[in-house]
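Structural features, examined
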Amino acid sequence: MTATTPDAASHPALALLRDVAAQIRAREAAAQAALDNNYDTAAHAAALDEKCAVLIDLPDRITPLLTDMPRHLAEMIQDQVRNMALRARQARKVNSVFYKASLLYPDDYAPGQPNELELFIEQLG
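Everything in this summary refers to the structure shown in the same document. Predicted model, so just to flag it, every value in this text is computed and none were measured.

To continue, consider the packing of helix 4 (residues 71-94) against helix 6 (residues 116-124). With their axes 12 Å apart at the nearest point, helix 4 and helix 6 run at an angle of 175 degrees to one another. Taken together, the axes of helix 4 and helix 6 are roughly antiparallel relative to one another. Each of Leu73, Met76, Ile77, Gln80, Asn83, Met84 and Arg87 in helix 4 lies in contact with helix 6, whose residues at this interface are Glu116, Leu117, Phe120, Gln123 and Leu124. For the contact of helix 4 with helix 6, a count of residues per class yields 7 nonpolar, 3 polar and 2 charged.

Here we take up the pattern of salt bridges. One pass over the structure, following the stated rule, counts 7 salt bridges. For Glu28, the salt bridge goes to Lys51, with nearest N and O atoms at 2.8 Å. Residue Glu28 is located in helix 2 (residues 12-38), and its partner Lys51 is located in helix 3 (residues 41-62); the two are separated by 23 residues in the primary sequence. Like Lys51, Glu28 is buried.

Attention now moves to the side chain of Asn115. Residue position: Asn115 is located in the loop between helix 5 (97-102) and helix 6. With relative accessibility at 0%, the residue Asn115 sits in the buried group. Within polar-contact distance, the side chain of Asn115 engages the backbone nitrogen of Leu117 at 3.0 Å. Excluding residues that lie within four positions of it along the chain, Asn115 makes contacts with Ile24, Arg25, Leu104 and Tyr105.

Across its 27 residues, helix 2 extends 39 Å between first and last C-alpha, which sits within 8% of the 39 Å expected from 1.5 Å per residue. Considered for burial, the residues of helix 2 that qualify are Ala13, Leu14, Leu16, Leu17, Val20, Ala21, Gln23, Ile24, Glu28, Ala31 and Ala34.

Cut-offs applied
- Residues numbered from 1 in each chain as written.
- Predicted model: local features only at pLDDT ≥ 70, side-chain atom pairs only at ≥ 80, totals over all residues.
- Heavy atoms only, no water.
- Axes fitted to C-alpha atoms, helices over the stretch in contact; angles between N-to-C directions.
- Helix = DSSP H or I, 4+ residues; strand = E, 2+ residues; numbered from the N terminus.
- Parallel < 35°, antiparallel > 145°, perpendicular 65-115°, else oblique.
- Contact = heavy atoms within 4.5 Å.
- Nonpolar A, V, L, I, M, F, W, Y, C, P; charged D, E, K, R; others polar.
- Salt bridge = Lys/Arg side-chain N within 4 Å of Asp/Glu carboxyl O.
- Buried < 20%, exposed > 50% of the residue type's maximum accessible area, 1.4 Å probe, protein only.
- Polar contact = N/O pair within 3.5 Å; in protein donor to acceptor, adjacent residues only side chain to side chain.
- Expected span 1.5 Å × (residues − 1).

Here you go:
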């Protein structure tokens, strides 16, 4: 199984990554809605904190799903999700709403483009 085979595209680890990507987008949408509707900065910050929590939990959730993958692919996925989790921990540690909001997005991001996690999923399957 490689990153471009049908087996990889339907692998439970990729299904989890897709689910997490959807959760991230949902939390980002909730954060934006909190600002747009009532300028509720507390709800905005809470939704972004939840985004961080999802990323922080991802390495522990995905590791058991990688046991039947080729080692190089499993290691690549583990490295990527650990990096995302590390940055989410840092964002929580400094408690920066901006840092939390910008997690997974490059400086030149334009609305509608895929984020870092979504690009990684595309690369895998």
